[in-house]
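Below, each chain spelled out in residue letters.
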Amino acid sequence: MHKKEVGLDAAILKKIEKEFAKAKAENSPKGNSTFENEVRPIIQSLKITVSQYNKLIGKKPYSFVAKVMGHKPLG
């Protein structure tokens, strides 16, 4: 069984954030504990991971390897 690779780039991240904002506006967090307990932690984790990735590929010696391998900052 082969895993399908999903590319993650700035456009996809913006789309995710847009959908999150839309869902947040539609579902009042005060009245919807499912939204607060399930969706928000996933989005927060994604944002932290992207931030850590961007910081890592900006540091030496990782920046050199990232550049050679074609990695670019996200978001």
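Cut-offs applied
- Residues numbered from 1 in each chain as written.
- Predicted model: local features only at pLDDT ≥ 70, side-chain atom pairs only at ≥ 80, totals over all residues.
- Heavy atoms only, no water.
- Helix = DSSP H or I, 4+ residues; strand = E, 2+ residues; numbered from the N terminus.
- Buried < 20%, exposed > 50% of the residue type's maximum accessible area, 1.4 Å probe, protein only.
- Contact = heavy atoms within 4.5 Å.

Caption draft 1: Layout of unusual backbone geometry. For the peptide bond that leads from Lys-60 to Pro-61, omega is 0°, which places it in the cis range. Considering the arrangement of structural elements, one finds Pro-61 in the loop between α2 (33-58) and α3 (62-69).

Caption draft 2: Layout of the environment of Ala-11. Positionally, Ala-11 belongs in helix α1 (residues 10-26). For Ala-11, a relative accessible area of 53% puts it in the exposed group. Along the sequence, Ala-11 and Leu-74 sit 63 residues apart, while their C-alpha atoms lie 9.1 Å from each other.

Caption draft 3: Focus on the environment of Val-50. By the secondary structure assignment, Val-50 is in helix α2. On a C-alpha basis, the gap between Val-50 and Leu-13 in space is 9.2 Å, while along the polypeptide they are 37 residues apart. Beyond its immediate chain neighbours, meaning those up to four positions away, Val-50 contacts Leu-13 and Leu-74.

Keep in mind these values describe shape, not function.
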